[in-house]
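Analysis of the macromolecular model
Here is what each chain is made of, one letter per residue.
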Amino acid sequence: MFLQFVSNLQIVAVQVCILYLISGIGFVADKTKIFRQADGKKLVDLVFNLILPVAVIKSFMSMERTPEHIKGLFIAFGLALLTHLLGVGLSMITYRRYSRMEQGIYHYALTFSNAAFLALPLAQSVVGDEGVFYSSCYVAVFNVFAFTFGINRISGGKAKINAKSLIFNPGSISVIIGIPLFLLQVQLPGFLTDAMDRVAACNSPLAMILFGTFFANCNFKNMFVKKEVYFLSFIRLVFIPLTMLMVFRLVGVQGNMLKALTISASAPVATNTAMYAAKYDNDTALSSELVGQTSIFSIVTMPVIVALASVI
């Protein structure tokens with residue numbers, strides 16, 4: 001068992017390091033002013049609105065329709081929902097002595113992992129299309145919570161919830177399109193499939209380069225000063241993923257689904273924490289510190305937890 005753990009740890013650690021090395025391109029590009037975070041806003045829209053959905057749809061189309069995969073789809077949605085509910089529940093009992101705006105930053109960061117820009121590319125690297133298949137369910141649930149609970153908290157209760165955004169967002173739409181294609185086993189012409197494969201292949205490197213530009217704008221001097229940030233890192237990177245890992249195993253999840261869901265649950269704070277903080281006039285410096293510290297620590301915690309999932 002120990003040898004299996006070490007083997008899986010090595011596999012996941014290598015993939016995490018590869019992704020973070022790719023993000024280093026974005027980091028260097030921002031620091032050298034070749035490609036700044038501000039320049040990347042349109043690229044964020046491109047990745048999130050077009051490339052990521054293509055990758056998700058492609059993963060659904062590549063999956064064989066089996067009773068196991070159909071059942072797994074519903075289980076993945078249910079466990080993704082439970083993971084976010086755990087985050088919401090923890091946010092209700094933590095950081096209560098802070099101002100409503102500060103609470104919003106901490107609560108958003110605690111609840112939402114970097115599911116789209118880190119977990120999904122990592123699931124693709126470690127598990128393949130089946131990893132994207134299950135991780136996309138997590139992203140769809142993420143979007144529903146982010147557009148409701150998330151923006152309500154991070155805006156200090158000022159943001160209005162747009163019901164249309166619960167469904168009409170790229171993550172949800174791609175899953176809505178992908179599910180019938182998966183169930184009907186639709187086969188597209190070879191040239192279209194090849195085009196989708198090439199576009200989907202852009203998702204991981206572009207997402208990580210963008211992540212690198214966000215990371216370059218973190219305040220490294222303040223990142224390791226506040227005890228509140230360390231506490232959130234522990235909750236986000238250790239407590240939530242280990243708790244959900246036990247739940248995943250209790251309900252009988254195993255194999256590639258277990259790896260994919262564990263990756264999604266153990267990812268660091270979502271990069272859009274800083275984006276929403278800026279949008280709703282909240283503390284962008286604090287949100288960057290949370291993203292930065294959890295991202296650094298996750299280089300160690302994610303491989304360990306995902307490798308642990310392979311042996312319990």
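Just so it is clear, the structure is predicted and the values come from calculations on it, not from any experiment. (Residues numbered from 1 in each chain as written. Predicted model: local features only at pLDDT ≥ 70, side-chain atom pairs only at ≥ 80, totals over all residues. Heavy atoms only, no water.)

**A few points about the packing of helix H3 (residues 67–91) against helix H6 (residues 129–154)**
Running from N to C, H3 and H6 cross one another at 35°; their axes reach a closest spacing of 9 Å. Handedness of the H3/H6 crossing: right-handed. Residues of the contact of H3 with H6, tallied by class, amount to 16 nonpolar, five polar and two charged. (Axes fitted to C-alpha atoms, helices over the stretch in contact; angles between N-to-C directions. Helix = DSSP H or I, 4+ residues; strand = E, 2+ residues; numbered from the N terminus. Left-handed = near helix turned anticlockwise from the far one by under 90°. Nonpolar A, V, L, I, M, F, W, Y, C, P; charged D, E, K, R; others polar.)

**Describing a nonpolar patch on the surface**
The grouping of Ile167, Phe168, Ile173, Ile176 and Ile177 at the surface amounts to a nonpolar patch, some 480 Å² of accessible area in total. In terms of residues, the nonpolar patch owes the most to one element, helix H8 (residues 170–184), which gives three residues. Tracing the sequence through the fold places Ile167 in helix H7 (residues 164–167). (Patch = residues over 30% accessible without salt bridge, like charges linked within 9 Å, V, L, I, M, F, W, Y side chains within 5 Å. Areas by Shrake-Rupley, 256 points an atom, 1.4 Å probe, with all protein chains shown as cover. Salt bridge = Lys/Arg side-chain N within 4 Å of Asp/Glu carboxyl O.)

**Notes on the nonpolar core**
One finds Phe112, Leu232 and Leu290 to be the most contacted residues of the largest nonpolar core, which totals 82 residues. With 15 residues, H6 is the single largest residue contributor to this core. (Core = buried A, V, L, I, M, F, W, Y, C linked by side-chain atoms within 4.5 Å. Buried < 20%, exposed > 50% of the residue type's maximum accessible area, 1.4 Å probe, protein only.)

**As for the environment of Thr294**
Summarising the element assignment, Thr294 is placed in helix H14 (residues 284–309). Looking at Thr294, the relative accessible area reads 0%, which means it is buried. Put simply, Thr294 and Leu237 are 57 residues apart on the chain and 7.1 Å apart in space, counted from C-alpha to C-alpha. Among all residues touching Thr294, those that are not within four sequence positions of it are Leu232, Ser233, Leu237, Pro268 and Val269. (Contact = heavy atoms within 4.5 Å.)

Just geometry here; none of it tells us what the structure is for.
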